[in-house]
Structures are given as structure tokens and as C-alpha cells.
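Fold and contact review
Listed here are the chains, written in short residue letters.
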Amino acid sequence: MALVLVGGGARSGKSRWALDRARKRGGRLVYIATAEALDDEMSARIAKHRAERGDEFINVEEPLDLARAVRSADGDAIVVDCLTLWLSNMMHASQDRMEDAIAAAKASSALVIAVTNEVGCGIVPENALAREFRDRAGIMNQRFAEAADEVYFMVFGQALRVK
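Residues numbered from 1 in each chain as written. Predicted model: local features only at pLDDT ≥ 70, side-chain atom pairs only at ≥ 80, totals over all residues. Heavy atoms only, no water.

Now for the packing of aromatic side chains. For the structure on display, the rule yields three aromatic pairs. Ring geometry for Y31 against F57: centres 6.5 Å apart, planes inclined by 85 degrees, an arrangement best described as edge-to-face. Here F57 lies in strand β3 (residues 57-61) and Y31 lies in strand β2 (residues 29-33), a separation of 26 residues in the sequence. Exposure remark for F57: the relative accessible area of 3% places this residue in the buried category. Ring geometry for W86 and F144: centres 6.4 Å apart, planes at 90 degrees, overall edge-to-face. (Phe/Tyr/Trp six-rings, centres within 6.5 Å; stacked < 30°, edge-to-face > 60°. Helix = DSSP H or I, 4+ residues; strand = E, 2+ residues; numbered from the N terminus. Buried < 20%, exposed > 50% of the residue type's maximum accessible area, 1.4 Å probe, protein only.)

Between the first and last C-alpha of helix α2 (residues 40-53) there are 20 Å, a value that for 14 residues agrees with the 20 Å anticipated at 1.5 Å per step. Of all the positions in α2, only M42, I46 and R53 are classed as buried. Seen along its axis, α2 keeps its buried residues to an arc of 40 degrees; they face one direction. Residues of α2 that are exposed and point more than 90 degrees away from the buried face comprise D40, K48 and A51. On its buried face, α2 is in contact with α1 (14-25), β2, β3 and α4 (83-92). A distance of 3.2 Å separates the backbone nitrogen of E41 from a side-chain oxygen at the start of α2, and that oxygen is part of D39. (Expected span 1.5 Å × (residues − 1). Arc of directions from axis to C-beta. Contact = heavy atoms within 4.5 Å. Polar contact = N/O pair within 3.5 Å; in protein donor to acceptor, adjacent residues only side chain to side chain.)

The next thing to look at is the sheet that holds strand β4 (residues 77-81). In spatial order, the strands read β3-β2-β4-β5-β1-β6-β7; together these seven strands make up an open sheet with mixed pairing. Both edges of this open sheet fall to β3 and β7 (158-161), since each of them pairs with a single strand only. Taking the axes of each pair of neighbouring strands and ignoring which way they run, one obtains an average angle of 25 degrees across the sheet. Bridging between β4 and strand β5 (residues 111-117) involves five bridges; their strand directions are parallel. Among the inter-strand pairings, V80 is bridged to a residue of β5, identified as A114. Packed onto the sheet, α1 meets β1 (2-8), β2, β3, β4, β5, β6 (150-155) and β7 and runs at close to 175 degrees relative to β5. (Pairing = 2+ DSSP bridges. Axes fitted to C-alpha atoms, helices over the stretch in contact; angles between N-to-C directions.)

Burial within β4 is extensive, with five of its five residues counted as buried. By the alternation rule, side chains of β4 split into A77, V79 and D81 and I78 and V80, which are all buried. Judged from the five bridges that link them, β2 and β4 form a sheet pairing that is parallel. Looking at the pairing, L29 lines up with A77 of β4.

This part is about unusual backbone geometry. The omega torsion across D81 and C82 is 5 degrees, close enough to zero to call that bond cis. The phi dihedral of R11 is positive, around 60 degrees, even though this residue is not glycine. The residue R11 is located in the loop between β1 and α1 in this model. Taking relative accessible area as the criterion, R11 reaches 66% and is therefore assigned exposed.

Honestly, that's just the spatial picture; any functional story needs more than this.
Structure below.
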């Protein structure tokens, strides 16, 4: 079908926009969550987001094997939220599954909407791990954008079409 990438800063409206775009597609909606509830604060965030989505989305939790999750999702629209958390999970597990995930998204018969964070617009991080994450996130976002049929950048809740 199509791969759509939507990125932006924290609280820019990326996820809301992705969910709205998926709802416009209609039919069976799938939400692939890459976050893991590793502490109470994250558990609360996940519960809040799940409640906001309601029952219209089938929830799939997959912190690492995004390609498998996309391939096995039975939906007309799939929202992947978010690529940067997925990257963090992969770095922690010393894995690199980016090209497989891109291929799975491109091969899907569903509309795949991938949400990502732009982390390179701020100051240079002070530690090596944070700099590595920033650099790898930038490369990942470039690769997904290159493969995407459409790319949007969110600013103040507004989607700017980049591609």
C-alpha cells in the first residue's frame, strides 16, 4: 500500500496526527507499540495512551521485531509508534533490524504510518551514548524517509508535508 513517515519534536502532535490519518483509512486499525513499561511512570503513560486510542485499534506490543509485527498485522492501516523508542530498544539489545522493518512496511498491503522523533535539532548531547543515539536516530529517520511514499514534519500540531 504505502509507507508514511511522520516526525517532529516532543508533544508536536505526531501520534495524534498518525491516529487520525489511520482512522481516515477506515476498516481494521492496528497500533504497534514499541514502548516497554519498565517503570511506573512509563506504565502510566502507556495506560493513558491506550485509553485515548480506545477500542478501535488492535494493540500489538513489540519492542524489537518490528518487521514481524508489521508482517503479521491484519489491518487496513497500521500505526507504528514510535521508531525512536524502537531504536533505543534495539541499541540496548545490540541489534539492528532497520532494513527488515523498512522492507516489511513497504511490502505491507496496509497503509503503514510510522511515528518518529526528530532528536537532532537541539544541543549536542554531553555523553557518548546520547550522541550515538542521536546519530543513529538521524540515520534511521533518513532511511525511513527515503523509503516512504509520504513524509510529514509536525510543528505546533500542524503537519508540514516534506515529501
